[in-house]
Amino acid sequence: MKNESQILAIRDLRVRYNSERGPVTAVDGVSFSIMQGEVFGLAGESGCGKSTIAQTILRVLRPPAVITGGSIEFRDRQVLEMTDEELASFRWREVSLVFQSAMNSLNPLITIGDQILDVIQAHTDRNKRDARERAAEMLKRVGIEPDRLRSYPHELSGGMRQRAVIAMALSLEPTLAIMDEPTTALDVLVQRQILEEIEELRTSIGFSILFITHDLSLLVGFSQRIAIMYAGQIVEMSYSSELVREPFHPYTLGLLDSFPSVNGERRKLIGIPGTPPDMSAPPGGCRFHPRCAKAMERCRFVAPQLRELKPDHWVACHLYD
Amino acid sequence: MELGVKYIFQRIGFYLVAAWVSVTLNFILPRLMPGDPASLLLSRISGRLRPEQIDALKKVYGLTNSPLPVQYIQYLKQVLHGNLGISIYNFPTPVSEVIATGLMWTLLLGLTAVVISFVLGNLIGVIAAWRRGGWVDSVMPPLMIFIGSFPYFWLAMLCLFVFGFELKLFPISHAFGMNVTVGFNLPFLIDVVRHTILPAITIVLVSTGGWALGMRNTMIGVLSEDYITMADAKGLSNRRIMFGYAARNALLPAVTGFGIALGYVVGGALLTEIVFSYPGLGFQLLTAVQNLDYPLMQGLLLVITLAVLIANFIVDLIYVRLDPRVRIQARE
Amino acid sequence: MEANEPRIPGVTAPSVKTRPDNNNIGLPHPKYPLRDLIRKLTQNKKVVAGGTILVAMVFVVAFAPLIAPGDPMAFVAQANQPPSAEHLLGTSGQGQDVFVQLIRGSRVSLLTGVFVGLIATILGIIVGMTAGYFGGAVDNILSVVMNVFLVIPGLPLLVVLAAFLPRTPATIVLVLGLTGWPGTARVLRAQTLSVRTKEYVSAAIVGGESIFRVIFAEILPNMASIVASSLLGGIAFGIVAEAGLEFLGLGDTSRVSWGTILYWAQNNAGLLTGAWWTFLPPGLCIALAAFSLTLINYSVDEITNPALRSQRSGGAILRKLYLRSRATPVVPNEK
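The rules we used
- Residues numbered from 1 in each chain as written.
- Chains lettered and ligands numbered in written order.
- Predicted model: local features only at pLDDT ≥ 70, side-chain atom pairs only at ≥ 80, totals over all residues.
- Heavy atoms only, no water.
- Axes fitted to C-alpha atoms, helices over the stretch in contact; angles between N-to-C directions.
- Helix = DSSP H or I, 4+ residues; strand = E, 2+ residues; numbered from the N terminus.
- Left-handed = near helix turned anticlockwise from the far one by under 90°.
- Contact = heavy atoms within 4.5 Å.
- Core = buried A, V, L, I, M, F, W, Y, C linked by side-chain atoms within 4.5 Å.
- Buried < 20%, exposed > 50% of the residue type's maximum accessible area, 1.4 Å probe, protein only.
- Domains from an automatic or database assignment.
- Parallel < 35°, antiparallel > 145°, perpendicular 65-115°, else oblique.
- Nonpolar A, V, L, I, M, F, W, Y, C, P; charged D, E, K, R; others polar.
- Buried area = accessible area lost by both parts, 1.4 Å probe.
- Salt bridge = Lys/Arg side-chain N within 4 Å of Asp/Glu carboxyl O.
- Polar contact = N/O pair within 3.5 Å; in protein donor to acceptor, adjacent residues only side chain to side chain.
- Expected span 1.5 Å × (residues − 1).
- Phe/Tyr/Trp six-rings, centres within 6.5 Å; stacked < 30°, edge-to-face > 60°.
- Pairing = 2+ DSSP bridges.

### With respect to the packing of helix H7 (residues 152-166) of chain B against helix H11 (residues 258-267) of chain C
In the contact formed by H7 of chain B and H11 of chain C, the axes pass within 12 Å of each other and the chain directions differ by 35 degrees. Helix-helix and strand crossings are classified by hand; for H7 of chain B and H11 of chain C the assignment is left-handed. Contacts from Phe-153, Trp-154 and Met-157 of chain B in H7 of chain B reach Leu-262, Ala-265 and Gln-266 of chain C in H11 of chain C.

What follows is the structure, given as structure tokens:
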């Protein structure tokens, strides 16, 4: 990995929070980096900790969550050591966030125009008129009529809302845009459209994307590299083409087999038996072992380490030790 | 700009129904007593009345021999013309005149107290929720519940006793003293203010807690919403988030609840007036009860209810302004 | 967003209970069967405190004649005597023993409260659940009725009702119960609506169970905490409102209750003669009763809605961190 174009480096991140049933480690030693202009996919079932990571990067994770270890480095700056003022200027300008449900991430009482204005005015010195122009411009770029600036969130359709949120996320032209399940709530056709629009925007503005989803199929054509998360840890990470061609981890195999390939040959859909573990008491050893068809005796007691099996292809599995 | 006309019409309809219910209740009540309402009424109070009063009373109540529906229509007509009958105790002053003075004083006391407690209470609630786990948040809820557990009138008695009697800081009764002349002159106005402070403080003490607790709970809910997380992520200032995003949204349920809570506050205000012999509607209600002045009692019920309904309606209008989802139909 | 109803000033009403929600982290929520709830209740300090006070009051009510023997209305000494060894709380404006009145009056005050609470809750259950269960036109009509009675101010209505009806103890209870039910009804309707759409209810209906069975066996148990909470709130309302009516002279002034003690205190100008013992104790008792009930209610709220709980998890250090900054705190090596 070349260091000059690396914009985000997460090392051994651990996030914990206290639930009623005891402390839960949602993210347990996650490390990865993102390069300039790259689309990095993070895939996994719900509850595996991927959304936690998204919010942790901006440090907007709600109490009672705490970051208990690791570091987040954004272009030579340590996010975990930033003061509130530094965070305020770091947020959105360098890294922005798109949530799964646009309806929930927009304040229902404020027009979308004003919500974009908020962001522009909080971070730049533009006067209101300039800011408004900029907001209108952003809306146009995502295919929304500028007069919609005066609309309230509930007046827009689902797809338009999501586009509006994306416009908001890009209005300061951040270096990295984190997109947490941005299309999950939409129907398939709109999903594809929006993904294409995102790609267009990416090439024209030139930002990186951390794309988080449970739907691996979305990532395959869209991201350069993919990391697979399970139960708070990364179990496999590589270039997407490589991952699809030669998946190593049984969980990855399961994920790949779980969705139909629209263009490819007919395959039997398998799915992964069992359910994600209870994070307050995850299984010992390899966390995936209760659901793994290839589990060995060792997997029950010893946790596998993430190792570079091939160049830029990392796996955490005893099958390959 | 859309005004949410449909919503407003719905609300007007509702208030008309409520008003109709109150008027009808007023009609039914004297006829509720077992036996012949006319003679029962008269037997209770006849000893004190002169013949003219008895006749007037009979007419007022429509306690004629016409069938019930006719009486009802007549009564409705009377009310719509603002004729609430003639006060027995203040014979021959019509009820509406008697109420008019009381209404003025109650509005003065009530509006001041309610506005102050609403603003203060919600502010405290916002701060408590924003600084969760801070001292405001830890101390405020149990304290407010505790103070709110006391009956309004008892707190009034306490305030009267401590501040009026023991400490002699404020006057202990009436709306103004003996040594000022009524009118828009400064000594009078100052005296009025001095007399209003204690009852107002009582009402504020008891009712602030309600708003504060409600707002705190609502605000806590709002603060856990995704759009607040987004507001943080957007790097907005704390103040913008607290007021523009959180409090603004939390205000909606507070406004909605205001209407209902108003009913209770009004009740408490009336009781407070009684303790302080403040010449508002509450005090008049008590004297009406003590003197069995039924027309006045019923007139007061009607006026107070109508006032509360109007206040509720105004609050609804404000709500329409605040919540765009009610104003504008969602377009897909 | 399902609103939490504001705590109504002076009267304690439970917040509208929705299912525990708003957990951003995505953990599945444990259900709250009654047993679990009761266990949590007994562990909660506030509940224990409130419960103790209530138990003490029940004790006093049960053994009142033993604790304070004698005729509470009897004239025993000079009027307005301060507390002394002989008369623990002094004498009233008419020379009666305030302590005896207080203890013996507890029966009327508390029992009235209980009955009012029961009536209001039962009425509220009937109306609220009917509206919530059947929905549609039935719901519309009942909702309008509920809201009308909620919006009409209670006190003037109570006063007029009490003035017109005969002065018996039953009147007060009836009248208060009739004004107290809308609040409960609304809450129960909301909860019935949400519970009704649950699968096990639909299953029961499809399975052919009679309506009554569905309501009582399937829906009601889930609302046990809300019903209990409404009941407690209703009792608190009854105690305070009864005192108010007595204070106005609308009750039976020949009986002794906390409210009548206050009525006489006001009428005998106890305040103006500095006889604080004539009005302080009954007010404190009323407040104590209402407060303990509210406390329990409030704690039940906190237990069933974790978001409201005062943040004790994580210790004081974490709390300070959360206060200082809204950003996710970094606490290395936290165990």
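### Side note on the nonpolar core
Formed by 124 residues in total, the largest nonpolar core has its most connected members in Phe-153 of chain B together with Phe-247 of chain C. Structurally, this core is a two-domain feature, drawing no fewer than three residues from each of domain 1 (5-80) and domain 2 (95-331) of chain B. When near neighbours in sequence (up to four residues on either side) are disregarded, Phe-247 of chain C contacts Phe-153, Met-157, Leu-271, Ile-274 and Val-275 of chain B together with Gly-259, Leu-262, Tyr-263 and Gln-266 of chain C. Counting 103 residues, the second largest nonpolar core, distinct from the first, contains Ile-112, Ala-136, Val-142 and Ile-178 of chain A.

### Observations regarding the packing of helix H6 (residues 158-170) of chain A against helix H7 (residues 188-205) of chain A
All names here are of chain A. Running from N to C, H6 and H7 point in directions that differ by 15 degrees, and their axes come no closer than 11 Å. If you check the angle between H6 and H7, you find them roughly parallel. Judged by the twist between their axes, the crossing of H6 over H7 is right-handed. Only Val-190, Gln-193, Ile-194, Glu-197, Ile-198, Leu-201 and Ile-205 of H7 make contact with H6, whose side of the interface consists of Gly-159, Gln-162, Arg-163, Ile-166 and Leu-170. Here the residues of the contact of H6 with H7 sort into seven nonpolar, three polar and two charged.

### What about the interface of chain A and chain B?
The interface is formed by 29 residues belonging to chain A together with 26 residues belonging to chain B. Summed over the three residues of chain A that lose the most area to chain B, namely Arg-62, Leu-109 and His-154 of chain A, the buried surface amounts to 27% of that side. In this assembly, chain A and chain B are joined by two salt bridges. Among the salt bridges present, the one from Asp-232 of chain B reaches Arg-62 of chain A, with a minimum N-O distance of 2.7 Å. The tally of links from chain A across to chain B stands at nine residue pairs in polar contact (both at pLDDT 80 or more).

### A short note on the interface of chain B and chain C
If you look at the interface, chain B gives 78 residues, while chain C gives 63 residues. Approximately 6400 Å² of surface area, both sides summed, lies buried where chain B meets chain C, with 76% of it carried by carbon and sulfur atoms. Looking at the side of chain B facing chain C, the largest losses of area belong to Arg-132, Met-157 and Tyr-264 of chain B, adding up to 10% of the total buried there. At the boundary of chain B and chain C, one finds one salt bridge. As a salt-bridge pair, Arg-326 of chain C and Asp-232 of chain B come within 2.7 Å of each other at their nearest N and O atoms. Where chain B packs against chain C, one counts two residue pairs in polar contact (both at pLDDT 80 or more).

### Side note on H6 of chain A
Residue and element names in this part refer to chain A. Along its 13 residues, H6 runs 19 Å from first to last C-alpha, staying within 8% of the 18 Å computed at 1.5 Å per residue. Extensive coverage of H6 is indicated by the burial of eleven of its 13 residues. All of the buried residues along H6 are Gly-159, Arg-161, Gln-162, Arg-163, Ala-164, Val-165, Ile-166, Ala-167, Met-168, Ala-169 and Leu-170.

### Description of the packing of aromatic side chains
Here the distance between the centres and the angle between the planes together describe a pair of aromatic rings. Applying the stated criterion across every chain yields a total of 25 aromatic pairs over all chains. Here Phe-118 of chain B and Phe-258 of chain B contribute two aromatic rings whose centre-to-centre distance is 5.0 Å and whose plane-to-plane angle is 85 degrees, an arrangement assigned as edge-to-face. A residue pair is termed long-range when its members are at least 10 positions apart, and Phe-118 of chain B in helix H5 (residues 95-130) and Phe-258 of chain B in helix H10 (residues 238-275) qualify at 140 residues. As far as burial versus exposure is concerned, Phe-118 of chain B and Phe-258 of chain B are alike and both buried. Relative to Trp-181 of chain C, the ring of Phe-149 of chain C has its centre 6.2 Å away and its plane inclined at 45 degrees; by these criteria the two rings are tilted. Of the two residues, Phe-149 of chain C sits in helix H5 (residues 136-151) while Trp-181 of chain C sits in helix H7 (residues 169-196), which places them 32 residues apart along the sequence. By relative accessible area, which is 9% here, Trp-181 of chain C ends up buried. In this structure an aromatic cluster arises from ring pairing among Phe-146, Phe-150, Trp-154 and Phe-161 of chain B together with Phe-279 and Phe-291 of chain C.

### Description of the domain arrangement of chain B
Residue and element names in this part refer to chain B. Along its sequence, chain B is organised into domain 1 (5-80) and domain 2 (95-331). Taken together, the contacts link 21 residues of domain 1 with 19 residues of domain 2. Regarding the contact of domain 1 and domain 2, the summed buried area is about 1700 Å², with carbon and sulfur atoms giving 66% of it. Along the contact surface separating domain 1 from domain 2 lie one salt bridge. Taken together, the connections running from domain 1 to domain 2 amount to four residue pairs in polar contact (both at pLDDT 80 or more). Looking at the side of domain 1 that touches domain 2, the elements that each hand over two or more residues are helix H1 (5-28), helix H2 (37-45) and helix H3 (51-60). When residues of the side of domain 1 that touches domain 2 are assigned to their parent elements, the largest contribution, eleven residues, is made by H1.

### Let's talk about unusual backbone geometry
Trans peptide bonds make up most of the peptide bonds, and negative phi angles are found at most residues other than glycine. All names here are of chain A. Phi at Arg-75 takes a positive value of approximately 50 degrees, unusual for a residue other than glycine. Take Arg-75: it is sitting in the loop between strand E4 (65-74) and strand E5 (77-78). You will see that Glu-173, though not glycine, has its phi angle at about 50 degrees, which is positive.

### Regarding the pattern of salt bridges
Two side chains bearing opposite charge may form a pair once their charged atoms approach each other closely. All names here are of chain A. The final tally for this structure, using the stated rule, is 26 salt bridges over all chains. Where Glu-73 meets Arg-11, a salt bridge forms, and the shortest distance between an N and an O atom there is 4.0 Å. Here the residue Glu-73 occupies a position in strand E4, and Arg-11 occupies one in strand E1 (residues 6-19), the gap between them amounting to 62 residues. Arg-77 is paired through a salt bridge with Glu-94; the nearest N and O atoms lie 3.9 Å apart. Remark: Glu-94 occurs in the loop between helix H2 (84-90) and strand E6 (95-98) and Arg-77 occurs in strand E5; sequence separation between them is 17 residues. The partly exposed category is assigned to Arg-77, whose relative accessible area is 31%.

### Looking at the sheet that holds E6 of chain A
Residue and element names in this part refer to chain A. Spatially, eight strands are ordered E6-E7-E8-E3-E9-E10-E12-E11 in an open sheet, and the strand pairing comes out mixed. The sheet is open, and its two edges are formed by E6 and strand E11 (307-310), each paired on a single side. Geometrically, the sheet is characterised by an average inter-axis angle of 20 degrees between neighbouring strands, direction not taken into account. Relative to strand E8 (residues 208-213), strand E3 (residues 39-43) runs parallel, the two sharing five bridges. From the neighbouring strand, Gly-41 faces E8, where its bridge partner is Phe-211. Packed onto the sheet, H6 meets E6 and strand E7 (176-180) and runs at close to 170 degrees relative to E6.

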